Structure formats: C-alpha cells, structure tokens
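# Inside the fold
Below are the chains, spelled out letter by letter.
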Amino acid sequence: MVLGESQPPATPTGDYAQWPAAISRLTIDHIEETDGAVRIRLGAVPVELPAPVADLALQQVAVRRSHAVLAQTDSPWLFPGGQPGRPISAWAMGERLRKLGIRLAEARSTVLFQLATELPAAVLARTLGIDITVAVKWQRAAAGDWGAYAAEVGRRHHDV
C-alpha cells in the first residue's frame, strides 16, 4: 500500500509520534529488515515495527512513487515528492495522513503518552530522537511508572 491511497493503515499510531516533516524526510535506508524483523530508525535506536505496519513499510520501500510520477521510482526517499530527487513536502504528507483519517495532533499525543507510561525518559528520547527534556515533560504529564519497566529489564538480564 502506498500511503495516501484509500486503504486505512492498520493502526492510527503508525507514525510513532513523528511529525509529517520528519516522516517526509525518511529514506529507504531508515527501514531495516533483519532476521525476519522490520525496524525503522527514527532516532539512535531502531524501533521494531509490529506485523501489519512492518508489511506496509516493506511495501512502501518496494513500490514507492510520487503522485506526480505514477511509476515506481529509484529515488532514495521513502515518500518521493513531485520534484525529481526531492521528498514529499511536509504539507503533502500531512494531507495524505489526513485523507487516511489520521488526526496528526491526536495520534501523536496518544502515542507519546502511551510510550511515556511504558518507557523511561532516556529511552524514549533516544528511541524517538527527541531532546531528553521533552521526554521528561511527557513522562511527567503521563505520570508513567517505570518500576515495572525496570523490573522487566532486570528479569530479562537475570534470565539470560
């Protein structure tokens, strides 16, 4: 599926809290497939994509095209723009998402609040490529409890 077509995405939070400007600048190198897992690199740490979103990401890499050029392109951009060699504009990316029924501000806030309740601020910042102070603010606003996260990490290291 090419983002912007009539089928809705598997999840409205598939943007992993990224703004259209960041999404529009993704290249095919941001998508990694190794050992059967598909990851997207948004910050320093690649994030594993769940099955439905992973499939969509791989499809986008395979058939990426701009609306100006209806055929597949050899552009390095994950979402090629109307001008050769350029990515889609942030505005056009936002329009594609809106047409799919994704309310950008709501989806982003939902994702950030959910992640902030599940991850320590340092991990959130590193994973999403955001400043630690922003991650701390989201953490406080979401009132996340990282005791469970620390316990899970401790169990993983203990079981190894």
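This write-up is about the structure you can find in this document.

### With respect to the sheet that holds strand β2 (residues 37-40)
- Sheet architecture is open: 3 strands sit in the order β1-β2-β3, paired in antiparallel fashion. Looking at which strands have only one partner, the edges of the open sheet turn out to be β1 (31-34) and β3 (47-48).
- With 2 bridges connecting them, β2 and β3 associate as antiparallel partners. Across the sheet, residue R39 finds its bridge partner in β3, namely E48.
- Sitting on the sheet, helix α2 (residues 51-63) touches β1 and β2, and the angle it makes with β1 is about 110°.

### Re the packing of helix α4 (residues 104-118) against helix α6 (residues 132-142)
- Following both chains from N to C, one finds α4 and α6 inclined at 85°, their axes separated by 8 Å at the closest point. When the interaxial angle is binned, α4 and α6 end up roughly perpendicular. Two secondary-structure elements touch here, α4 through S109, L112, F113, A116 and T117 and α6 through W138, Q139, A141 and A142.

### Remarks on the nonpolar core
- Ranked by internal contacts, the top residues of the largest apolar core, which has 33 residues, are I40, L49 and L124.
- Secondary-structure elements contributing two or more residues to this core are β2, α2, α3 (90-99), α4, α5 (121-128) and α6.
- The contact partners of L124, leaving out residues within four places of it in the chain, are L115, A116, L119, I130 and A135.

Reading the values: the criteria
- Residues numbered from 1 in each chain as written.
- Predicted model: local features only at pLDDT ≥ 70, side-chain atom pairs only at ≥ 80, totals over all residues.
- Heavy atoms only, no water.
- Pairing = 2+ DSSP bridges.
- Helix = DSSP H or I, 4+ residues; strand = E, 2+ residues; numbered from the N terminus.
- Contact = heavy atoms within 4.5 Å.
- Axes fitted to C-alpha atoms, helices over the stretch in contact; angles between N-to-C directions.
- Parallel < 35°, antiparallel > 145°, perpendicular 65-115°, else oblique.
- Core = buried A, V, L, I, M, F, W, Y, C linked by side-chain atoms within 4.5 Å.
- Buried < 20%, exposed > 50% of the residue type's maximum accessible area, 1.4 Å probe, protein only.

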